[in-house]
Amino acid sequence: MNTVVERELELRLVLSPEHSIPVPARLEYRTQDPFAVHVAFHIGTDFPVHWTFARELLVEGVFRPCGHGDVRIWPTKVDKRNVIFVALTSPDGNALLEMPSAAVAAWVERTLRLVPPGTETERLCIDDALAELLAPLPADDLWMSDPWQSDETQDGEV
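As a starting point, this report considers the structure included with it.

Analysis parameters
Residues numbered from 1 in each chain as written. Predicted model: local features only at pLDDT ≥ 70, side-chain atom pairs only at ≥ 80, totals over all residues. Heavy atoms only, no water. Pairing = 2+ DSSP bridges. Helix = DSSP H or I, 4+ residues; strand = E, 2+ residues; numbered from the N terminus. Core = buried A, V, L, I, M, F, W, Y, C linked by side-chain atoms within 4.5 Å. Buried < 20%, exposed > 50% of the residue type's maximum accessible area, 1.4 Å probe, protein only. Contact = heavy atoms within 4.5 Å. Phe/Tyr/Trp six-rings, centres within 6.5 Å; stacked < 30°, edge-to-face > 60°.

Side note on the pairing of strand β7 (residues 81–90)
Across eight bridges, the pairing between strand β6 (residues 71–78) and β7 is antiparallel. For Pro75, the partnering residue across the bridge sits in β7 and is Ile84. Following β6, the chain reverses through two residues before pairing antiparallel with β7; Asp79 in that reversal takes a positive phi of roughly 50°. Looking at chain direction, β7 and strand β8 (residues 93–100) are connected through eight bridges and run antiparallel. Residue Phe85 lies in a different strand from β8, and its bridge partner there is Glu98. The turn linking β7 back onto β8 is made up of two residues.

Let's talk about the nonpolar core
Core analysis: the biggest nonpolar cluster contains 29 residues, and Phe41, Phe53, Leu58, Ile73, Val104 and Trp107 have the highest contact counts within it. A per-element tally of this core places helix α2 (residues 101–114) first, with five residues. Filtering out sequence-adjacent residues up to four positions away, Phe41 remains in contact with Leu11, Val23, Pro24, Ala25, Pro48, Val49, Trp51, Leu88 and Leu97.

A short note on the side chain of Arg55
Of note, Arg55 is situated in helix α1 (residues 55–61). In this structure Arg55 comes out as buried when scored by relative accessible area, which is 4%. The residues contacting Arg55, other than those within four sequence positions of it, are Tyr29, Pro34, Phe35, Ala36, Val37, Thr111, Leu112, Val115, Pro116, Pro117 and Glu120.

Here's the deal with the packing of aromatic side chains
As enumerated under the stated definition, the model contains one aromatic pair in all. Seen in terms of ring centroids, Trp74 and Phe85 are 5.6 Å apart; in terms of plane orientation they differ by 55°. Their pairing is tilted. Linking Trp74 in strand β6 with Phe85 in strand β7, this pair joins segments that are eleven residues apart in sequence. For Trp74, a relative accessible area of 24% gives the class partly exposed. With relative accessibility at 13%, the residue Phe85 sits in the buried group.

So yeah, pure geometry; function would need other evidence.
Okay, structure coming up:
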């Protein structure tokens, strides 16, 4: 069974230290993909921009700086408000997003209650997926059979 935990938020895209713009976003966590967090940024186009990264980054980023490379997360204060900054880097550019700390922390807590840390692999159903992947198909019989007729006849027949 797949359970989804979603949260609509208004983030801020930081353009400069003095200027940011609102960006509606949706956080999504799926129990069938238990290691990942999915974020859809609605930027005024027909299709949202999607990012997926490790849930562990967001869990840790609520409390302390973490991440490197494409995704970095850290908590801080802006105008006496607790916020979380998320820095995203891609070949198409960079973005610095400000998230409301309390809302993100509450959402993360919901995901942790649903799938506690250390139990993620139990949700992956790896054995079932491997069994399905390795199950023989009807066409496999063709590969198992000898493609060449035997030149030998049975019981000495010519």
